Amino acid sequence: MLHQNDAPRQTENVSANSNNNNGEPEAPIWKVLVFDSFCRDIVSTVLRVNDLRENGVTVHMQLEAQRSSIPDVPAVYFVQSKPENINRIAEDIANDLYELYYINFASSLPRTLLEDFAVQTTASGKSHQIAQVYDQYLNFLTPEENMFSLHMPGIFESIHNPSMTDVAMNSLIDRIVSALFSVVLTLKTIPTICAPRGNAAEMVATRLDAKLREHILGSRHNLFSEGAEDILAQSRRPVLVLLDRDFDLGSMFMHSWTYQALIHDIFDIKLNQVNVEQADDTGRKVKKSYDLNVNDSFWASNALLPFPEVAVNIDDTSMAFKREADEITRMGGVNSLDEMGNIDMNASTKQLQRAITSLPELTARKANIDMHMNIATAMLDSIKNRQLDDLFQIEEQLGRQTKASILETINDSEKKNPQDKLRLFILYVLANESSLRQSDIDECTAALKAAGCDLAPFEYLNKLRSLNKMNASIASPGLNGIGFGTGSTGAGGSGGSSGAMGSSDLLGKFSSISNRLAGFTEGSSLGSIFSNVRNLLPTRKQLPITRVVESVMAGKSSTSSGLGIGGIRTGIGAGGSSGGGSGGGSNAIARMIENFVYFDPKQARRGNLTGSNAGGPSHGSSAIDGAAQEAIVFVVGGGNYIEYQNLLEFSQRSTPRKHIVYGSTSIINAESFLSELSQLNSMT
């Protein structure tokens, strides 16, 4: 749904390719691309160097860097709307660095800055060299087609910082609103908006509603009405669900078993790149960077699959490629693809043509297979060292764990990563907060300290509990009956620990992969390691965020019961029906939804810009009361691939199929989130 990758291409293609008088395309105009750090990250997420060359960009440089003059070449600028960027561009124009200047701002340029820019360029006498100035509304990243990030790390820490001033908070909220406005504009549709009361999400919802309302009703140029797809887009308005990270902290600590989420947990995916340590020819460990390209068909079809299944698929793909490559090299009369330059010229013309034509595609496929093989091999090392399979199994059955079993895991010397143990313990505490005694917690924290764990993140969560701030959020509904069980979830979802996969011998059937890795060597087959366990994986479950989105999209809004977010704790732990959508977890979700605030920016002003119902009980508008087929889900304070994949799976199995876009202020892994909690602990 989010086709942001088209926009940077259009930005770079300005006046790049045109037709001559005969209607034939002229040679591309080669140009320079200049961006600041933020816009560099936007471009690098969706485009690679080869893509830039295809669009006529020969050189790309940082705005802040020292740059030499290239007077006969046009320059395309892609920067944020900041005073320092305006000053630097004006300086470039005054110094006559390039022939023409195509200036693109990632977000809307304030009028004061535009006027300042005009004054500076007029004073230099070079304003005639400015070919265009555009607001692109692209101040966000799109790692996936249905995922976006505002590229604003540390927001959870900033929001909860006790020294955060009102001015700083307002500035932060405005940045989030500006970026969300760009996301909505990119989608070319005006959503209805809902959010829980009382936290940052409500502030964002209120200001975004005002910004959209002001643009629709007060702007001379309504950007949402531009484009041929407008009529179709407006007929299927999505609902924008804004949530605070505090709503479900547990999902940030969970261990995953799917390929994409596991890569993010182990290596941290940044700008669609992953850095992996592997041994070179001398046996020395070196870091290698890989691009996880959205156009990679293997990545697209395997990212959401369990890792054992992906390992088998890598093996199968590798073997199929080897057979095809052997056939091509046999026709060419050589022994390998590397020797294709020495093709036997006595071979038939058709065979030679096929072999030569296939070479570039085969070479690219080989590089892609090698990449996934190297990533998977490095992941196997981490799984073995950290025993991630054991941790995943334990968390899948967290409701059945006891203090003794958690202590056994903490004291297990084979699990070598202290953070993994801390994450498991936090999940256990969140799942059993009401029943755990302080002596049990003290015993476990002593064991964690002995295992080398930094307890600062847990200490901060404890402070929140003791101060009775956000107590309902810290309870993490996902771990107490709202979708954390192993039950199969249909349209109604499941709660608690009941469900189709609730058999007590699951852990016994799911033989430990760590033990199987003991004899793993580089020459071993990945598929042989996982072939016996690929069908023994637990079935789907719905996370809290998915349960909320499902209810909102079903149009289950009603009058506010005044329970507030705290109502989500009512009924937690009472279990839930498997597939029926009833039970304590569903009741808690229903109570939470009842207390949402709802906005419809397309409604009449009613004398102000504060929203359709911000001042009173949250009676949803007709657009929200009806079932929605599309949703934009945004989390203030950090998101992850686990939630993204859970929402994607829900949308794919819905009938009719729903379309969901997931986003957050930043996409972070558990290690980064724990670091934010540690910083907060030092501030309080």
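Residues numbered from 1 in each chain as written. Predicted model: local features only at pLDDT ≥ 70, side-chain atom pairs only at ≥ 80, totals over all residues. Heavy atoms only, no water.

> Describe the overall build of the chain, naming the residues involved and giving the relevant values.
Looking only at helices and strands, one finds 27 helices and 14 strands in the chain. Across the 684 residues that make up the chain, the buried fraction comes to 53%. Sequence separation of at least 24 residues holds for 79% of the intrachain contacts in the chain that already meet a minimum separation of 6. Split by element, the accessible area of the chain, about 29000 Å² in all, is 48% carbon and sulfur. (Helix = DSSP H or I, 4+ residues; strand = E, 2+ residues; numbered from the N terminus. Buried < 20%, exposed > 50% of the residue type's maximum accessible area, 1.4 Å probe, protein only. Contact = heavy atoms within 4.5 Å. Areas by Shrake-Rupley, 256 points an atom, 1.4 Å probe, with all protein chains shown as cover.)

> Describe in detail the sheet that holds strand β14 (residues 659-664), supporting the description with residues and values.
Two orientations exist for strands paired in a sheet by backbone hydrogen bonds: parallel and antiparallel. Ordered by their spatial adjacency, seven strands build an open sheet running β6-β7-β14-β13-β9-β8-β12, and the pairing between neighbours is mixed. The sheet is open, and its two edges are formed by β6 (141-144) and β12 (596-599), each paired on a single side. The mean inter-strand angle of the sheet, taken between neighbouring strand axes irrespective of direction, is 20°. Here strand β9 (residues 239-244) pairs with strand β13 (residues 630-636) via six bridges, running parallel. (Pairing = 2+ DSSP bridges. Axes fitted to C-alpha atoms, helices over the stretch in contact; angles between N-to-C directions.)

> Outline the environment of glutamine 397, supporting the account with residue identities and numerical values.
Mapped onto the elements of the fold, glutamine 397 is located in the loop between α14 (388-396) and α15 (403-410). Owing to a relative accessible area of 6%, glutamine 397 belongs among the buried residues under this scheme. Of note is the side chain of glutamine 397, whose polar atom sits 2.8 Å from the side chain of arginine 400. (Polar contact = N/O pair within 3.5 Å; in protein donor to acceptor, adjacent residues only side chain to side chain.)

> Describe in detail helix α10 (residues 259-267), supporting the description with residues and values.
With respect to burial, α10 is a largely interior element, nine of its nine residues being buried. Where α10 is concerned, the buried positions are Tyr259, Gln260, Ala261, Leu262, Ile263, His264, Asp265, Ile266 and Phe267.

> A description of the sheet that holds strand β3 (residues 75-79) should follow, citing residues and the corresponding values.
The sheet built from five strands is open, its strands ordered β2-β1-β3-β4-β5 with parallel pairing. Taken across any chain shown, the strands that pair with only one partner, and hence form the sheet edges, are β2 (57-62) and β5 (130-135). For this sheet, the mean inter-axis angle between neighbouring strands, taken without regard to orientation, is 15°. Summarising the sheet, strand β4 (residues 101-105) and β5 pair through five bridges and their orientation is parallel.

> Describe the packing of aromatic side chains, with residues and values.
In total, this model carries 17 aromatic pairs according to the counting rule given. Look at tyrosine 77 and tyrosine 98: their rings are 6.3 Å apart centre to centre, the planes differ by 70°, and that puts the pair in the edge-to-face class. Here tyrosine 77 is found in strand β3, whereas its partner tyrosine 98 is found in the loop between α4 (83-94) and β4, with 21 residues between them in sequence. Both rings, one in phenylalanine 140 and one in phenylalanine 148, keep their centres 6.4 Å apart while their planes meet at 80°; by these two values the pair is edge-to-face. Judged by its relative accessible area of 0%, phenylalanine 148 is buried. When the ring centre of phenylalanine 181 is taken as reference, the NZ or CZ atom of lysine 211 above it lies at 5.1 Å. (Phe/Tyr/Trp six-rings, centres within 6.5 Å; stacked < 30°, edge-to-face > 60°. Lys NZ or Arg CZ within 6 Å of the ring centre and 35° of its normal.)

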